[in-house]
Amino acid sequence: NAGVMQNPRHLVRRRGQEARLRCSPMKGHSHVYWYRQLPEEGLKFMVYLQKENIIDESGMPKERFSAEFPKEGPSILRIQQVVRGDSAAYFCASSPSGIVGELFFGEGSRLTVL
Amino acid sequence: AQTVTQSQPEMSVQEAETVTLSCTYDTSESDYYLFWYKQPPSRQMILVIRQEAYKQQNATENRFSVNFQKAAKSFSLKISDSQLGDAAMYFCAYRSEYMDSNYQLIWGAGTKLIIKP
């Protein structure tokens, strides 16, 4: 059973461009979570999605950031008009449900904005 | 608001020896969960150990054990017989029992563990 797959692992964008990060959850998992990790900091929750629904986006910046988890295909975190402050590692996690202790993380996508 | 503090940005230990990573937290709640996660250089976060606050007994998973001091709000991780594969960032995390799901964890800043051969 493949783990949580994220791609790309590394993404470089210039200011003003768009960044798209993809996350394929583990097989059988219908809950996906996105986190951002700044250098020397812990993870910060961004958004929680189930298939075709955003359950909790309380951690998402109000502008430029969006996320989706379509019926078919991976979850996508989209950052429009990137700025240098968006440079971070973005992690995706999945779970079969919301039960404590069942988060499975991907290896992360590192975004660098020049 | 709850906070989690890891005061050791970096720790090093000789292979086969024991190391303790510290974590303190601040909360006014009585029921909650505490976690230690490991993030190896490959960057995939892995759950190491979990502790329920209502349990007095310290959680143990093979070479990993915790010292949970609820009154002191301390949750340290002890790694016995350290191995090279233990080298990673270690994150302490808190979750209130009143939160709907595990994703609402509050994370510490992490401790980088270096294993000396």
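The structure this text deals with has already been given above.
Residues numbered from 1 in each chain as written. Chains lettered and ligands numbered in written order. Predicted model: local features only at pLDDT ≥ 70, side-chain atom pairs only at ≥ 80, totals over all residues. Heavy atoms only, no water.

(A) Spatial organisation of the nonpolar core. Residues and elements named next belong to chain B. Among the nonpolar cores identified, the biggest contains 25 residues, and Tyr25, Trp36, Phe75, Leu77, Tyr90 and Leu113 are the most heavily contacted of them. Secondary-structure elements contributing two or more residues to this core are strand E3 (19-21), strand E5 (32-39), strand E6 (46-52), strand E8 (64-69), strand E9 (74-79), strand E10 (88-96) and strand E12 (111-116). Sorting elements by how many residues they give to this core places E10 first, with four residues. (Core = buried A, V, L, I, M, F, W, Y, C linked by side-chain atoms within 4.5 Å. Buried < 20%, exposed > 50% of the residue type's maximum accessible area, 1.4 Å probe, protein only. Helix = DSSP H or I, 4+ residues; strand = E, 2+ residues; numbered from the N terminus.)

(B) Main features of the packing of aromatic side chains. According to the stated counting rule, one finds 14 aromatic pairs over all chains in the structure shown. Between Tyr33 of chain A and Tyr48 of chain A, the ring centres sit 4.7 Å apart and the planes meet at 20°, which makes this aromatic pair stacked. You can see Tyr33 of chain A sitting in strand E4 (residues 31-37) and its partner Tyr48 of chain A sitting in strand E5 (residues 43-50), a full 15 residues away along the chain. On the basis of relative accessibility, which here comes to 1%, the residue Tyr33 of chain A falls in the buried class. When the centroid spacing of 5.0 Å and the interplanar angle of 45° are considered together, the rings of Tyr37 of chain B and Trp107 of chain B count as tilted. (Phe/Tyr/Trp six-rings, centres within 6.5 Å; stacked < 30°, edge-to-face > 60°.)

(C) Representation of the state of the cysteines in the model. Overall, the coordinates contain two disulfides over all chains when judged by the stated rule. Note on cysteine connectivity: Cys23 of chain A is disulfide-linked to Cys92 of chain A, with sulfurs 1.8 Å apart. Looking along the S-S bond of the Cys23 of chain A-Cys92 of chain A disulfide, the torsion reads about -55°, which is the left-handed sense. Residue Cys23 of chain A is found in strand E3 (residues 19-24), and its partner Cys92 of chain A is found in strand E9 (residues 88-95); the two are separated by 69 residues along the sequence. Just as Cys23 of chain A is buried, Cys92 of chain A falls in that class too. Put simply, Cys23 of chain B and Cys92 of chain B are joined by a disulfide, and their sulfur atoms are 2.0 Å apart. (Disulfide = S-S within 2.5 Å.)

(D) Quick look at the pattern of salt bridges. Residue and element names in this part refer to chain A. Applying the stated criterion across every chain yields a total of eight salt bridges over all chains. Here Arg20 and Glu18 are joined by a salt bridge, their closest N and O atoms 2.8 Å apart. For Glu18, a relative accessible area of 29% translates into the label partly exposed. In this structure, Arg64 and Asp86 form a salt bridge, with 2.7 Å as the shortest nitrogen-oxygen distance. (Salt bridge = Lys/Arg side-chain N within 4 Å of Asp/Glu carboxyl O.)

(E) Just the sheet that holds strand E7 (residues 65-68) of chain A, in detail. Residue and element names in this part refer to chain A. Judged by pairing direction, the sheet is antiparallel, and its four strands sit side by side in the order E1-E3-E8-E7 without closing on themselves. A single partner strand is all that each edge strand has here, and the edge strands are strand E1 (5-7) and E7. Neighbouring strand axes in the sheet, compared pairwise and without regard to direction, differ in orientation by 15° on average. Summarising the sheet, E1 and E3 pair through three bridges and their orientation is antiparallel. Across the sheet, the residue bridging to Asn7 is Arg22, located in E3. (Pairing = 2+ DSSP bridges. Axes fitted to C-alpha atoms, helices over the stretch in contact; angles between N-to-C directions.)

(F) Looking closely at the environment of Ser30 of chain B. Residues and elements named next belong to chain B. For Ser30, the position within the fold is in the loop between strand E4 (24-26) and E5. A residue is classified by how much of its surface remains accessible, and Ser30, at 40% relative accessible area, is partly exposed. Filtering out sequence-adjacent residues up to four positions away, Ser30 remains in contact with Ala53 and Lys70. (Contact = heavy atoms within 4.5 Å.)

Bear in mind that shape data such as this cannot, by itself, settle questions of function.
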